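Take a look at the letters that make up each chain.
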Amino acid sequence: MSVDLIQYPLSLDRCASTVEYNTTIISKGNGQETRVANWDDGRLLFNAGHGVRSLTDLQLLKSFQRRRKGAARPFLVRDLTDYQFEDSGGYVVFALGTGAAGPFQFIKPYTDAYNTENRNITKPEQGTVKIRVATVLKTEGVHYTIDYATGKVTFTTGNFPAIGASLEVSGRFFVPVRFVEDKLPVEEFIMLMKPDPAAPNPATAELIVDDGAGPIPTVLMVEVFE
């Protein structure tokens, strides 16, 4: 099932992402190990539970979950710890020209002296992306088009990048995710709520999450690979 190009509606300011890998470790009789990386890319996990701060938030989350059919329909989130192609906001090389139109897949490289992981970026954020060819800024819709559902760039006739020319991108992107569970911990959230003590009228005060009432329930979201 394709990703719904709609952003998660609650704040993720208090939610940290973690990167998960899958490694097979085989121990030998002499204590040495053989390690096999089973995945080409790391997979992101989010716990969005801390973004539910009130009954209004919980109602919005329930409505959003219904429209996603639980875990069935993926959607978009912004990873606040990693949402730009280049961490300093500059440009990063995502491909080299081939003398043809493409398409060219957006990537984000993570590089040090020992290893490089090229992460496919499939959900660029419309309105933020800029592309340069051999350091020359190009114009979307004139020199190239972007498929925002796949993160692929195609150059228009007469504007094919020369063989070996660096293709650079700057901008932001989303992460496609789905809910891990089909069920939300609604009752657990309700048990933590109390009337807002700052409200002028206690009788009509909104219910808010009391951070001291117990651990915040978990709402896990996991990155999907298409």
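Here's what I pulled together on the structure shown here. Predicted model only: the values in this text are computed from it and were never measured.

A tally of helices and strands in the protein chain yields 2 helices and 18 strands. At 22 Å, the protein chain has a C-alpha radius of gyration far larger than the 17 Å of a compact globule built from 226 residues. Principal-axis analysis of the C-alpha atoms gives the protein chain an extent of 70 × 60 × 35 Å. Out of the 226 residues belonging to the protein chain, those deemed buried represent 38%. Of the contacts made within the protein chain by residues no fewer than 6 positions apart, 72% connect residues no fewer than 24 positions apart.

Within this structure, the stated rule accounts for 10 aromatic pairs. With 6.3 Å between their ring centres and 75 degrees between their planes, F64 and F179 make a pair best called edge-to-face. In this pair, F64 is assigned in helix α1 (residues 55-67) and F179 in strand β15 (residues 175-179), connecting sequence segments 115 residues apart. The class of F64 is buried, set by a relative accessible area of 1%. Chaining the aromatic ring pairs together yields one cluster made of Y8, F64, F75 and F179. Above the face of the F64 ring, R68 is positioned so that its terminal group lies 4.8 Å from the ring centre. For R132, the ring lying beneath its charged end belongs to Y91, and the centroid distance is 3.9 Å.

Counting across every chain of the model gives 10 salt bridges. A salt bridge links R35 to E33; the shortest N-O distance between them is 3.2 Å. Of the residues examined, R35 reaches a relative accessible area of 56% and is grouped as exposed. One salt bridge connects K108 with D82, and the closest N-O pair in it is separated by 2.6 Å. Note that K108 is positioned in strand β8 (residues 107-111) and D82 in the loop between β5 (75-77) and β6 (92-96), a separation of 26 residues in sequence.

Here the idea is plain: a probe the size of a water molecule rolls over the atoms and shows the empty space left. Quantified by volume, the largest pocket comes out at close to 280 Å³. Looking at the lining of the largest pocket, the elements that each hand over two or more residues are β9 (116-120) and β15. Counted by class, the lining of the largest pocket contains 7 nonpolar, 4 polar and 6 charged residues. Roughly 170 Å³ of internal volume is contained in the second largest pocket. In terms of lining, the second largest pocket is formed by 13 residues, of which the most central are V19, L44, D82, Y110 and R119. For the lining of the second largest pocket, the elements supplying multiple residues, two or more each, are β1 (17-20) and β9. Its residues placed into classes, the lining of the second largest pocket shows 4 nonpolar, 3 polar and 6 charged.

So, how was this worked out
- Residues numbered from 1 in each chain as written.
- Predicted model: local features only at pLDDT ≥ 70, side-chain atom pairs only at ≥ 80, totals over all residues.
- Heavy atoms only, no water.
- Helix = DSSP H or I, 4+ residues; strand = E, 2+ residues; numbered from the N terminus.
- Rg over C-alpha atoms; globule rule 2.2 N^0.38 Å.
- Buried < 20%, exposed > 50% of the residue type's maximum accessible area, 1.4 Å probe, protein only.
- Contact = heavy atoms within 4.5 Å.
- Phe/Tyr/Trp six-rings, centres within 6.5 Å; stacked < 30°, edge-to-face > 60°.
- Lys NZ or Arg CZ within 6 Å of the ring centre and 35° of its normal.
- Salt bridge = Lys/Arg side-chain N within 4 Å of Asp/Glu carboxyl O.
- 1 Å grid on protein atoms, 1.4 Å probe; cavity = no way out; pocket = protein on both sides within 12 Å on 5 of 7 lines; lining within 4 Å.
- Points joined across faces, edges and corners; volume = space filled by probe spheres on them.
- Nonpolar A, V, L, I, M, F, W, Y, C, P; charged D, E, K, R; others polar.

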